[in-house]
Each structure stands twice: as structure tokens, then as C-alpha cells.
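Listed here are the chains, written in short residue letters.
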Amino acid sequence: MKVLKELWESLTDSLEELGSVVRFLLRMIVLIPASVLRFELIAAQIWNAGALSLVIIMLSGLFVGMVLGLQGFQLLQRFGSEEALGVAAAIGLVKELGPVVTALLFAGRAGTALASELGLMRATDQLSAMEMMAVDPIKHVVVPRFLGGVIAMPLLAAIFSVIGIYGAQLIGVQIMGVDSGSFWSQMRAGVSLSDIDEGIVKSAIFGVACSLIAVYEGYYATPTAAGVGRATTRTVVTSAVVVLFLDYLLTAAFL
Amino acid sequence: MAIPRGRVTAIMGPSGTGKTTLLRLITGQLRADSGTIEVAGQNMRTIRRNGLYELRRRMGMLFQNGALLTDLSVFENVAFPLREHTDLPDRLIRQLVLTKLQAVGLRGAADLMPSELSGGMSRRVALARAIVMDPEILIYDEPFVGLDPISMGVIVRLIRRLNDTLGLTSIVVSHDVEEISTVADKVFLLSGGKVVAKGTPQELRSYPSEIVRQFVGGLADGPVPFHYPAPDYFGELLAPGDDS
């Protein structure tokens, strides 16, 4: 009985949490039009979340592409179809690895930065001070950060995929000796626009999810050192689980 | 409780008696469960969000640690309310900000970042920011905590001077008896969530009440006990521990 009661309580707690996340999202959506008028605030956050994540995204993209080139080559060689390496790597990157790995890296690099920044602003009364100056902190601080993440994510995922394809080519064509012509021509023939669309939609949705989780956790962080630390950890963990879960749902939906 | 217009009113009391809560109620950061609070004729319990923001433009608040926005310079911090609420040209904003910084003696620090300021300096910058919109009410949350005697004297004099020259209504929450008696016109002493004494600082010194005498005299024991409620001392010391 006690176990059942605890299960029920944790279920209602999670639902309550989900409800307050949705309410937070709606409150932000209402404020988006007013926020867009102050584009310089959003641009600064695109720089923060996007440009400053570029190095880690590009480096990871290169290595993921190289692994894909190596593994794909080994596998395809067994069936004598190494030329299909191009299309295999491209589809894998554009539809799956690009959006998912970018989102995971984004949560680790930009999400944690957002959550701890907002948490510390709360802890040092900066958010209350804004409220006392009749400036809505959600409009002025939270929404620009959220939009910055939402805009940056698809761009980062696209860059990740491009660099990844280059990495696969580097191993497959330059080192393993796959024919360059068939590598690229099969890729061009095999990747359709709908594959690209799937990647873009996925990364856009992951962008909303990761940015929302980061700003929510940061904004409602307990204003202590331990509280901000917990908010940062929760941002990464929740983002990772939510991204992988959404990835399954979206993949199933696109089939 | 009635807070008189144009005066410096102090709200004092031991830690944990609800001073900060009272401030948050006055500023509308919290809503009262019962009772009424009126600020400039507005009922803070029923006020709408827009009305509250409208009212807050007529209020300034100095937070305990200053609460400066850490990603903006001193100048931009003071300019922040002006940039958010007015369409004034840059030239005029510059002049307004510099005059307010001059008033707190920090015009020379305009280009510094908040991380480069000492505790007393960031509180003075925050004070400049609180008065930049020319408020009618200025609220200080523990303005003397953690300051050296020089900075403390500066803040005390600023509170008095700003109140008199700008015609403000000032509310100071504090537990520093010395500083308050030099700056306040009227004092409310809270204890356990209730007003236990009110009057001028001089009247409070000879107030016929145990709690007031303990607070004003800084006595370690009295109605506010030295010991946190605990079971009998010897009984607890002699009790068998968990591992025996």
C-alpha cells in the first residue's frame, strides 16, 4: 500500500511539474512579440548559445563523422557496397546524429550556462530588482535566452551534419579508398528533401525543449549555491532524457 | 501602522520577525493572505499586474547586496530603468545618470563593472539606480549590513540627504540601533510578526517594555531567549546515545 501511495504521489508531483513548465512556456509565448522588437537582446543570446558552442559542435561533428565513415565502411564492405557509404553517412547524420548529438552537446554547453546564469541572477536578487524597476524579467531576460537557443539549435545541427559528412568522406574516401564519384553521387541521389526536413524539424523541436528546460530550471532554481548546482545538473539530465524520448516519437511520426 | 509621507520611517526588529516579509508585502512581491495594505491609495492585495508595475515606477528599492545587473557597467545599470521606460535621447540619459552618480559620489566609477566595486560602492550605485526615475517612495532593505564604518556613515548621510532634498518617503528596514537613531524620524519595532513599539528613536530608548529594552540595549537574554528551545540540558547529555 505504501509503495502504491508513494508511486501515486510521485506521479502527481511530476504532472504538477509538467503543468508548471507548460504554464511557463505559455507565459513566454505571450511575451515573444514584445521581445522580438528588442532584437539586439536576442542576437546577443544567439551569439551566447550558438557562436560560443561552435567549436565543440564542429569538433564533435568531425569525430562522429569519422567514426561513421570507419564503421560504415567495415559493414558495407561485407556486402561489397562500399560506395553506399556516402548515402548511409549522410542519412544517418542529417536525420539522427546531427539533431540528437547537437541537442545533447547544446544541453551540456549552452543549457547549463543558461540555467546557472539565471539561477545566480535569482540568488543575487537581480530578477527581483528588475521586477521592482517595473521590468518583467521573463520578457527582458528569459524570453531572449529562450529564443536565442531555439534559433541557434537548427543552425548548429546543420553545421554538425555538414562537418560530419566531411569527416565520413575523410575516412571513407581519402583513407579507405571508396570511389569519390560514387560516394558523392549516391549521396545526392539517395538523400531526399524530406530527409533534410526531418532533421530540421527535429532540431527545431529539440531546440525548444532544451532551451525551455534550461530557462525553467534556472528561473525557478533555489537561490543557494546547492540550488543552482542542482538546477544545472537537472538541466542536463532532463534535456538528455527528453531529447532521446522525443527523438523516438518524431522518428516514428516521420515514417 | 501608518507610514508618514516625506519622512524617514524605520522598521526594526530581531532577525526573523517578518521585516523583509513586510517589505515584500508593501512592494507587492508577495500578496497578503488577510488584512489590507495601501500604498499611495492602492490596495496591494487586489492590485492588477499592470497597476502594480505602474505603481513600482513610483517606487525605488535598494536591495541588501545592491542587486546590480552583473553584465552591465555601472553607467548602464543606472541608465537601465530610463532605457526601459522612457524614450529619452542618449544625451539626456547620460546627463541624468551622471547627476545621480554624482549625488552618490561615484561619477568617476561610471565605467567600472559591478564585479570591480566594493560592497559599499555597489550599494551606492544601486541607490543611484533606485532614484534615477525620481520615485516618491524609496525602500531600503538592510542598507547597513556588512559595511565598514566609513561606508556606513556615507549611506546614513545619503538616506537623510536624499529624503530631504528629493522630498521622498523613505522606509528603512534594519536592525542597527545606532544608525537608525541618527537617521529615522519614526520607528516601528516588530517582534514575532507584531508591532510592539512605535515612536521616535528617543521615545524608544525609554519605552516601558522588556522586548524593547532588550533590543535597544542589545541584551543577550530577555523575551527573545539566548537559547533556542531545546529539551533539558542535563537530561540530553546523560541520555544513552544511539550506539550504546
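Residues numbered from 1 in each chain as written. Chains lettered and ligands numbered in written order. Predicted model: local features only at pLDDT ≥ 70, side-chain atom pairs only at ≥ 80, totals over all residues.

Notes on the overall build of chain A
Looking only at helices and strands, chain A features nine helices and zero strands. When the elements of chain A are put in sequence order from the N terminus, they spell out α-α-α-α-α-α-α-α-α. When its C-alpha atoms are laid out on the principal axes, chain A stretches across 65 × 55 × 30 Å. Contacts in chain A between residues at least 24 apart in sequence constitute 88% of all its contacts with a sequence separation of at least 6. (Helix = DSSP H or I, 4+ residues; strand = E, 2+ residues; numbered from the N terminus. Contact = placed C-beta atoms within 7 Å.)

Considerations on the pairing of strand S5 (residues 137-141) of chain B
Residue and element names in this part refer to chain B. The element S5 is extensively covered by neighbouring structure, given that five of its five residues are classed as buried. By the alternation rule, side chains of S5 split into Ile137, Ile139 and Asp141 and Leu138 and Tyr140, which are all buried. Pairing of S5 with strand S6 (residues 169-173), which is carried by five bridges, proceeds in the parallel orientation. Bridging from a neighbouring strand, tyrosine 140 pairs with valine 172 of S6. At this point the chain moves from S5, through helix H6 (residues 149-166), to the parallel S6, and the crossover so formed is right-handed. (Buried ≥ 20, exposed ≤ 12 C-beta atoms within 10 Å, placed from the backbone. Pairing = 2+ DSSP bridges. Right-handed = clockwise from strand over helix to strand, strands pointing away.)

Some details on the pairing of strand S8 (residues 194-199) of chain B
Consecutive side chains along a regular strand alternate between the two faces of the sheet. Residues and elements named next belong to chain B. Judged from the five bridges that link them, strand S7 (residues 186-191) and S8 form a sheet pairing that is antiparallel. Looking at the pairing, serine 191 lines up with lysine 194 of S8. Linking S7 to S8, which pair antiparallel, is a turn of two residues; within it glycine 192 sits at a positive phi near 55 degrees.

Brief notes about the interface of chain A and chain B
If you look at the interface, chain A gives ten residues, while chain B gives 16 residues. A per-class count over the side of chain A that touches chain B returns five nonpolar, three polar and two charged. (Nonpolar A, V, L, I, M, F, W, Y, C, P; charged D, E, K, R; others polar.)

Considerations on the sheet that holds S8 of chain B
Residues and elements named next belong to chain B. Strand order in this open sheet of six strands is S4-S5-S6-S1-S7-S8, and the pairing throughout is mixed. Edge positions in the sheet fall to strand S4 (59-62) and S8, since each has one partner strand and no second. Between one strand and the next, the sheet's axes are offset by a mean angle of 15 degrees, whatever the strand orientation. Pairing of strand S1 (residues 8-12) with S7, which is carried by four bridges, proceeds in the parallel orientation. Bridge pairing links methionine 12 to leucine 189 in S7. The strands touched by helix H1 (residues 19-26) are S1, S5, S6 and S7; relative to S5, the strand with the most contacts, the crossing angle is about 155 degrees. (Axes fitted to C-alpha atoms, helices over the stretch in contact; angles between N-to-C directions.)

Quick word on the environment of arginine 5 of chain B
Residues and elements named next belong to chain B. Mapped onto the secondary structure, arginine 5 falls in the segment before S1. Judged by local crowding, arginine 5 falls into the exposed class, with 12 C-beta atoms found within 10 Å. Taking the C-alpha atoms as reference, arginine 5 lies 8.6 Å from isoleucine 137; in sequence the two are 132 residues apart.

Examining unusual backbone geometry
All names here are of chain B. Unlike most non-glycine residues, alanine 67 shows phi in positive territory, near 55 degrees. For glutamate 142, which is not glycine, the phi torsion reads 45 degrees and is therefore positive. Tracing the backbone shows glutamate 142 in the loop between S5 and H6.

Overview of the nonpolar core
If you look at the biggest cluster of nonpolar residues, it comprises 128 residues, and the most contacted ones within it are Cys210 of chain A together with Val172 of chain B. When residues in this core are grouped by element, the largest group, 19 residues, is from helix H4 (residues 85-123) of chain A. Once residues within four sequence positions are removed from consideration, cysteine 210 of chain A is found in contact with Ala103, Phe106, Ala107, Gly111, Gly149, Met153, Ser239 and Val243 of chain A. (Core = buried A, V, L, I, M, F, W, Y, C linked by C-beta atoms within 7 Å.)

Considerations on the confidence of the model for chain A
Summarising the model, chain A shows a mean pLDDT of 93, and 100% of its residues fall at 70 or more. For chain A, helix H5 (residues 126-132) of chain A is the element with the lowest average pLDDT, namely 90, and helix H8 (residues 193-219) of chain A is the one with the highest, namely 95. (pLDDT = per-residue confidence, 0-100.)

Brief notes about H4 of chain A
The largest bend along H4 of chain A measures about 50 degrees and falls at leucine 93 of chain A. Taken from the residues just after H4 of chain A, aspartate 125 of chain A is the one with a positive phi, measuring 65 degrees. (Bend = angle between axes of the 7 residues up to and from the residue.)

Overview of the packing of H4 of chain A against helix H9 (residues 225-254) of chain A
Residue and element names in this part refer to chain A. At a closest axis distance of 8 Å, the pairing of H4 and H9 adopts a crossing angle of 150 degrees. The angle between the axes of H4 and H9 places the two elements in the roughly antiparallel class. Considering how the two elements wind past one another, H4 and H9 form a crossing that is right-handed. For the pair formed by H4 and H9, the contact residues are Val100, Ala103, Leu104, Ala107, Gly108, Gly111, Thr112, Ala115, Ser116, Gly119, Leu120 and Ala123 on the first element and Gly227, Val228, Ala231, Thr232, Thr235, Val236, Ser239, Ala240, Val243 and Asp247 on the second. (Parallel < 35°, antiparallel > 145°, perpendicular 65-115°, else oblique. Left-handed = near helix turned anticlockwise from the far one by under 90°.)

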